2 protein chains.
Amino acid sequence: MARSRLTPERETELYEAVLDLLREVGYDALTMDAVATRTKSSKATLYRQWGNKPELVARALRHNKPVHFADIDTGSLRGDFYALVERTDDCQMEKDSALMRGLAQAIHGNPDLHKALRELLIEPEMTGLNGLLQRAVDRGELAADTPAMRYLPHMVVGAFVAQQLIEDRSPDRAFLADYIDAVVLPALGV
Amino acid sequence: MARSRLTPERETELYEAVLDLLREVGYDALTMDAVATRTKSSKATLYRQWGNKPELVARALRHNKPVHFADIDTGSLRGDFYALVERTDDCQMEKDSALMRGLAQAIHGNPDLHKALRELLIEPEMTGLNGLLQRAVDRGELAADTPAMRYLPHMVVGAFVAQQLIEDRSPDRAFLADYIDAVVLPALGV
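So, how was this worked out
The written sequence of each chain sets the order in which its residues are numbered from 1. Ligands are numbered from 1 and chains lettered from A, in the order in which they are written. In keeping with the predicted nature of the model, local features appear solely for residues at pLDDT of at least 70, side-chain atom pairs appear and are counted solely at 80 or more, and the whole-chain, interface and lining totals rest on all residues. To get the side-chain values, all heavy atoms of the structure are used, and hydrogens and water are removed first. Any two residues whose heavy atoms approach within 4.5 Å at even a single point are treated as in contact. Here's the idea: put two parts together, see how much 1.4 Å probe accessible area each one loses, and the total over both is what we call buried area. Here a salt bridge means any side-chain nitrogen of Lys or Arg lying within 4 Å of a carboxyl oxygen belonging to Asp or Glu. Side-chain atoms alone can form a polar contact between residues adjacent in sequence; in general such a contact is a pair of N or O atoms within 3.5 Å, and within protein one must be able to donate a hydrogen while the other accepts it. Helix numbers and strand numbers start at the N terminus; a helix is a DSSP run of H or I with at least 4 residues, a strand a run of E with at least 2. Only the stretch in contact is used when a helix axis is fitted, and all axes are lines through C-alpha atoms; the angle between N-to-C directions ranges over 0 to 180 degrees. Oblique is the label for any angle not under 35 degrees, not over 145, and not in the 65 to 115 range, which are roughly parallel, roughly antiparallel and roughly perpendicular in turn. A crossing counts as left-handed when the near helix is turned anticlockwise from the far one by less than a right angle, and as right-handed when that turn is clockwise. Polarity classes work like this: nonpolar for Ala, Val, Leu, Ile, Met, Phe, Trp, Tyr, Cys and Pro, charged for Asp, Glu, Lys and Arg, and polar for all others, with Gly in that last group. To sort residues, take the accessible area from a 1.4 Å probe on protein chains only and compare it with the maximum for the residue type: under 20% means buried, over 50% means exposed, and anything in between is partly exposed. This arc describes the spread of directions from the helix axis toward the C-beta atoms. Bear in mind that the domain bounds are from an automatic or database domain assignment. In this analysis, the expected span of each helix is defined as 1.5 Å times one less than the number of residues it contains. Two rings from Phe, Tyr or Trp (for Trp, the six-membered ring) form a pair when their centres sit within 6.5 Å of each other. Planes less than 30 degrees apart are called stacked, planes more than 60 degrees apart edge-to-face, and all others tilted. A ring has a charge above it when a Lys NZ or an Arg CZ is no more than 6 Å from the ring centre and no more than 35 degrees off the ring normal. Residues below a pLDDT of 70 in either copy are left out; the C-alpha atoms of the rest, at least 70 in both, set the least-squares superposition of the copies. On a range of 0 to 100, pLDDT expresses the predictor's confidence in each residue.

S.K.: Can you walk me through the interface of chain A and chain B in this structure?
M.R.: Taken together, the contacts link 35 residues of chain A with 35 residues of chain B. Summing the contributions of chain A and of chain B, the shared interface buries around 3,000 Å²; its carbon and sulfur component is 68%. Linking chain A with chain B are two salt bridges. For Asp 178 of chain A, the salt bridge goes to Arg 150 of chain B, with nearest N and O atoms at 2.5 Å. Our count for the chain A to chain B interface comes out at six residue pairs in polar contact (both at pLDDT 80 or more). If you list the elements that add at least two residues to the side of chain A that touches chain B, you get helix H6 (90-109), helix H7 (111-138), helix H8 (152-167) and helix H9 (173-188) of chain A.

Given below as structure tokens:
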């Protein structure tokens, strides 16, 4: 139970320092030494708590996520999607977009990072998302064999990345709400 | 008419060298010196032909594009989308995905590159895409006020980026054809 040695406040502080460093120098240049210096902790503590850099980064990202699919259950699919949008804030989205761009690049040279992100972030969120969709199927809102269901992450990732690439700005809540009504719900046949 | 001094074969050779260097070292580390050395040309020639690095890179990317929206007109929207998929090859898509990742990162620190890409690549393709959609409207296949129309680039970019992020592989033709039928056409109400 090594993890229990840190208070939740201290853990939050450490994760925030990791994300600040990630934004400043990128994944490849981020070192455990730099995290130790920035947070005034020993490298031994960092390794004991997180084992390695990919896991530390993946846990910091997971901790930073403002809202998880698994926490959302409003009673309608459109309501669930809107709740996700409302619980994020525009400024946070801009910071997250910058992080994501750096990471999308970094995971290609770092299979360990990709593995940690899959296990700690992508797969739990996919499970949460599938639960959200399954409840819509159970309510009769969504046909169980809707082909677009398996591509929901692609639609969402596209909204974030393309908005930046084409419009040169981060997505905000107004954009995401419009995208849900224009693309996501019609594709799902809702 | 400085551009007329190079034969089309020589121009192709130069553009391919630029893309090879981009894949190898990334945009920021790419120098006109390296392009000159690799292609056994003088830096003066490069600057006379292309003015600067962002324009050279944008023109190389445009030249490399296997298919342009403006060239496609099969008589149906589904046929047009399928023709786009059929004219690209899987190996090329893998190479392009790697290039795109690097560029998505590079354009944030390099407004000149973003501007050159917008003018030489993104805007001409958006115009071609809008023509393709307008013909579908004129044929009565697509309602003129379909909200998803303006988000077509987002759906397409999402297919490319998310496939890599989630499935850890580049999109191939089979995946794109399925995505068109599962997401793009239903979102457009076709």
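S.K.: Help me out: how do you make sense of the pattern of salt bridges in this one?
M.R.: Any two side chains of opposite charge can pair, so long as their charged atoms come close to each other. All names here are of chain A. Across all of its chains, the model carries 25 salt bridges over all chains by this definition. The salt bridge involving Asp 181 is made with Arg 78; its shortest N-O contact spans 2.9 Å. Of this pair, Asp 181 sits in helix H9 while Arg 78 sits in helix H5 (residues 77-86), and the two are 103 residues apart along the sequence.

S.K.: Teacher, can you tell me more about the packing of helix H1 (residues 8-25) of chain B against helix H2 (residues 32-39) of chain B here?
M.R.: Geometry of a packed helix pair, given as the angle between the helix axes and the separation of the axes. Residue and element names in this part refer to chain B. In contact at an axis separation of 10 Å, H1 and H2 are set at 125° when each is read in the N-to-C sense. It follows from the interaxial angle that H1 and H2 lie oblique. For the crossing formed where H1 meets H2, the hand is right-handed. Together, Arg 10, Leu 14, Ala 17, Val 18, Asp 20, Leu 21 and Glu 24 of H1 and Ala 34, Val 35, Arg 38 and Thr 39 of H2 make up the contact between the two elements. A per-class count over the contact of H1 with H2 returns six nonpolar, one polar and four charged.

S.K.: Is there a simple way to explain helix H3 (residues 43-50) of chain A in this structure?
M.R.: Residue and element names in this part refer to chain A. Of the positions making up H3, those classed as buried are Thr 45, Leu 46, Gln 49 and Trp 50. Considered in projection along H3, the buried side chains sweep an arc of 100° and stay on one side of the axis. Next to the buried residues of H3 lie helix H1 (8-25), helix H2 (32-39) and helix H4 (53-64). Gly 51, located one to two residues past H3, shows a positive phi value of around 80°.

S.K.: For this particular structure, what's the right way to read the domain arrangement of chain A?
M.R.: Residues and elements named next belong to chain A. Domain annotation of chain A identifies domain 1 (8-62) and domain 2 (66-188). Relative placement of domain 1 and domain 2: their C-alpha centres are 25 Å apart. Contacts between the two partners involve twelve residues from domain 1, matched on the other side by 13 residues from domain 2. Regarding the contact of domain 1 and domain 2, the summed buried area is about 1,200 Å², with carbon and sulfur atoms giving 77% of it. Area buried by domain 1 at its contact with domain 2 is led by Arg 23, Leu 61 and Arg 62, which between them contribute 48% of it. At the boundary of domain 1 and domain 2, one finds zero salt bridges.

S.K.: I'm lost on helix H4 (residues 53-64) of chain B in this one. Help?
M.R.: Spacing of three or four residues puts side chains on the same side of an α-helix, whose turn is 3.6 residues. All names here are of chain B. Taking 1.5 Å as the rise per residue, H4 with twelve residues should run 16 Å; its terminal C-alpha atoms sit 16 Å apart, in good agreement. Of all the positions in H4, only Lys 53, Pro 54, Leu 56, Val 57, Ala 58, Ala 60 and Leu 61 are classed as buried. Turning to H4, the residues buried within the fold contact H1, H2, helix H3 (43-50), helix H6 (90-109) and helix H7 (111-138). The backbone nitrogen of Glu 55 has a side-chain oxygen 2.9 Å away, supplied by the residue at the start of H4, namely Asn 52.

S.K.: Please clarify how the packing of aromatic side chains should be interpreted in this entry.
M.R.: The relation between two aromatic rings is expressed through the spacing of the ring centres and the mutual angle of the planes. Inspection of the entire model under this criterion finds eight aromatic pairs over all chains. The side chain of Lys 53 of chain B reaches across the aromatic face of Tyr 27 of chain B, ending 4.2 Å from its centre.

S.K.: Help me understand the relation of the copies chain A and chain B in this model?
M.R.: Here two copies of a chain appear, and what relates them is a rotation about an axis with a shift along it. The transform that puts chain A on chain B rotates by 180° and translates by 0.0 Å along the axis, for an RMSD of 0.0 Å. Such values leave the two copies arranged in the relation of a two-fold axis. Within chain A, Gly 158 of chain A has its C-alpha nearest the rotation axis, a separation of 1.6 Å. Of the interface residues in chain A, 100% have counterparts in chain B that sit at the interface too, so the contact is made through matching surfaces.

S.K.: Got a minute to help me understand the confidence of the model for chain A in this structure?
M.R.: Averaged over all residues, the pLDDT of chain A equals 89, while 98% of them reach at least 70. Here H6 of chain A is the element of chain A with the lowest mean pLDDT, 78, and H9 of chain A is the one with the highest, 96.

S.K.: It is not clear to me how the packing of H4 of chain A against H7 of chain A should be interpreted in this structure. Could you clarify?
M.R.: Residue and element names in this part refer to chain A. In contact at an axis separation of 8 Å, H4 and H7 are set at 35° when each is read in the N-to-C sense. Note that H4 runs across H7; the crossing there is right-handed. Across from Pro 54, Glu 55, Val 57, Ala 58, Arg 59, Leu 61 and Arg 62 in H4, the residues of H7 making contact are Asp 112, Leu 113, Ala 116, Leu 117, Leu 120 and Leu 121. Of the residues assigned to the contact of H4 with H7, the class counts are nine nonpolar, no polar and four charged.

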